[in-house]
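Spelled out from the first residue to the last, the chains are:
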Amino acid sequence: MGAEFVQFSLTPMLIGVLAAIACALPGNFLILRRQALIGDAISHVVLPGIVVAFLITGVVATLPMLVGAAGAALLAVVLIEGVRRLGGIEPGAAMGVVFTTMFAAGVLILEQSDTSSVHLDVEHALMGNLESLVWFRADGWGSLFDPVALASLPEELPRMALACALTIALTLIFWRWLKISTFDEAFARAMGIPVRAVGFGLVTVAAIAAVAAFDAVGSIIVISMFICPPAAARLMTNSLSHQVLWSVAFATLSAVAGFALAGYGPLWLGAVNAVSAAGMIATVSGVILALACVFGPHARRLGEAAANSN
Amino acid sequence: MAPFEPEIVTTDGQLLPAAVPADAALSIRSATVSYGDKPAVFSVDATFPSGAMSAIVGPNGAGKSTLLKAALGVIPRVSGDVFVFGEPVEKARDRIAYVPQRASVDWDFPTTVLDVVQMGLYPRLGLLGRLGGAMRKEALFCLDRVGMADFANRQIGQLSGGQQQRVFLARALAQDADLYLLDEPFAGVDAATERAIIDVLHSLKADGKAVVAVHHDLATVREYFDHVFMINVRRMAEGPVDITFTTAALQSTYGGRLAATHLSELALSGAG
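Residues numbered from 1 in each chain as written. Chains lettered and ligands numbered in written order. Predicted model: local features only at pLDDT ≥ 70, side-chain atom pairs only at ≥ 80, totals over all residues. Heavy atoms only, no water.

**Considerations on the sheet that holds strand S12 (residues 234-240) of chain B**
All names here are of chain B.
Next up, step 1: Strand order in this open sheet of six strands is S8-S9-S10-S5-S11-S12, and the pairing throughout is mixed. Looking at strand neighbours, the two that pair on one side only are strand S8 (96-99) and S12, the edges of this open sheet. Averaged over all pairs of adjacent strands, the angle between strand axes in this sheet comes to 15°, irrespective of strand direction.
Next up, step 2: The sheet contact formed by strand S5 (residues 53-57) and strand S10 (residues 210-214) spans four bridges and is parallel. (Pairing = 2+ DSSP bridges. Helix = DSSP H or I, 4+ residues; strand = E, 2+ residues; numbered from the N terminus. Axes fitted to C-alpha atoms, helices over the stretch in contact; angles between N-to-C directions.)

**Observations concerning the packing of aromatic side chains**
Next up, step 1: In total, this model carries 10 aromatic pairs over all chains according to the counting rule given.
Next up, step 2: Here Tyr224(B) and Phe225(B) contribute two aromatic rings whose centre-to-centre distance is 6.3 Å and whose plane-to-plane angle is 65°, an arrangement assigned as edge-to-face.
Next up, step 3: A residue is classified by how much of its surface remains accessible, and Tyr224(B), at 7% relative accessible area, is buried.
Next up, step 4: The buried category is assigned to Phe225(B), whose relative accessible area is 4%.
Next up, step 5: Grouped by ring-pair contacts, the aromatic residues Phe183(A), Trp107(B), Phe109(B) and Phe168(B) constitute a single cluster.
Next up, step 6: Positioned above the aromatic ring of Tyr122(B) is the side chain of Arg176(A), whose terminal nitrogen or guanidinium carbon lies 5.5 Å from the ring centre. (Phe/Tyr/Trp six-rings, centres within 6.5 Å; stacked < 30°, edge-to-face > 60°. Buried < 20%, exposed > 50% of the residue type's maximum accessible area, 1.4 Å probe, protein only. Lys NZ or Arg CZ within 6 Å of the ring centre and 35° of its normal.)

**A look at the interface of chain A and chain B**
Next up, step 1: If you look at the interface, chain A gives 28 residues, while chain B gives 34 residues.
Next up, step 2: Roughly 2,800 Å² is buried in total at the junction of chain A and chain B, and carbon and sulfur atoms are behind 62% of that figure.
Next up, step 3: Looking at the side of chain A facing chain B, the largest losses of area belong to Arg176(A), Phe183(A) and Phe187(A), adding up to 30% of the total buried there.
Next up, step 4: In this structure, the connection of chain A to chain B is made through three salt bridges.
Next up, step 5: Measuring nitrogen to oxygen at the nearest pair gives 3.4 Å for the salt bridge that ties Asp106(B) to Arg34(A).
Next up, step 6: The interface formed by chain A and chain B holds 10 residue pairs in polar contact (both at pLDDT 80 or more) in total.
Next up, step 7: Per-element tally for the side of chain A that touches chain B: the top contributor is helix H8 (residues 175-183) of chain A, with six residues.
Next up, step 8: Looking at the side of chain A that touches chain B residue by residue, the class counts come to 14 nonpolar, seven polar and seven charged. (Contact = heavy atoms within 4.5 Å. Buried area = accessible area lost by both parts, 1.4 Å probe. Salt bridge = Lys/Arg side-chain N within 4 Å of Asp/Glu carboxyl O. Polar contact = N/O pair within 3.5 Å; in protein donor to acceptor, adjacent residues only side chain to side chain. Nonpolar A, V, L, I, M, F, W, Y, C, P; charged D, E, K, R; others polar.)

Structure follows, in structure tokens:
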């Protein structure tokens, strides 16, 4: 049991947890800034960028993918501004049009190009390949101390760990700036805090987390982790630091429970095949959010606040 | 983006703008702010004295709040310079406390009353400095000054409008500044809160601090303030309330928006 777990479940589960946390952390601030859509947008826009980067370089590596994603994000900004001005429509609608179009274009390019040699196709773009990130050389918990076995860890694990560590470190270091520029932008500006740079940094970190998570876990998990754990966490507490801790707990719970349910759940129900881990992780996070909406201690607070303010 | 700066440079390299009185708490020189094509504030010079309570008044959309925000760099200036106690505003940030409009923030934000007041201490703490017991005590003392000490651990969404405004004032007190800039501090607050706020502002003045407030209630200008700046996109009048806040000045600032009888009533009330 132990050996099988380490070999087939430990690494995908860890990668899922790291990806979930890396996305949930910036998600907290995006939600409080009423920019939850940006997480959604990022994960759509990066697809064509990643595909084009792959077509040019021929490898699936982090740096070219980040550059491609950044280029795609830039193109998206230009297109949104263009649609908004030429069409004379509101920014939300312009964003919606551009993001879906770019995602669709990414899917088309992906289908038409030869990516059979690597894990890059429409299915992986959506659902990742979490189940295949197994640790073949492991033969038990002892492998954690075996340098030879450790060397064969799937490369997604250190990559995701690095992205997650970066997200945690930046959140801690810039905590006060993030908090005050999210709560009271005018006050933060008057204090001389570089509000615009903080906002740009937040979106950049979200993009890095999304790109790093993308090829391991797919865009479904990225989108759901930006929104569901932080939104559920907001309903559990009235303190920002507690909210962020709750969101990390919910993200971890979603990844672990989702992976386990996807692998073993169908067997319990008598079915033969496992279901998509990415799909199940996202579903679990949605269920957690639904439960928080109903049972969260601060779920009704929003209405109360409106009633009190008069 | 650097505005044209017509200062005179002295031998020791100090910038000496010609017409900025050294004892002024806040001096704004030829400030222009624009939303789109239309200037909201056009080429405004304004001087607010130290140790006094100053009001910025004018009709809706006349650029009162815009002038204050542009002076602080909260919104960008097209042109113009701002000096605080003779120094460029960027170098004097730690001498300024700011109370934004209450409606400008999201009161659903997950934080407590005490936590909001402690935000006023952030410049002294830096990014990673520890917020110790002494700082906490200081924040509580500021809350006490506005009569909100009992609400320290409340979630901010549970406060009434007047209580929210007091918390904002307490946060400004925590900034421990020499110049206090307030944007419509009495908008939508109850009478008791208005009294509490004006008492705090008067005590600041007694301590030698300068207070500048965007004010919308013409009936209380004479009672609350020493100095008045009247704006309608351009500067219309400025000076001590006694001699500046006149029917003629109100007429030119508000144009036809106030009835003539109302105007003379306002200008005369309190003047004897």
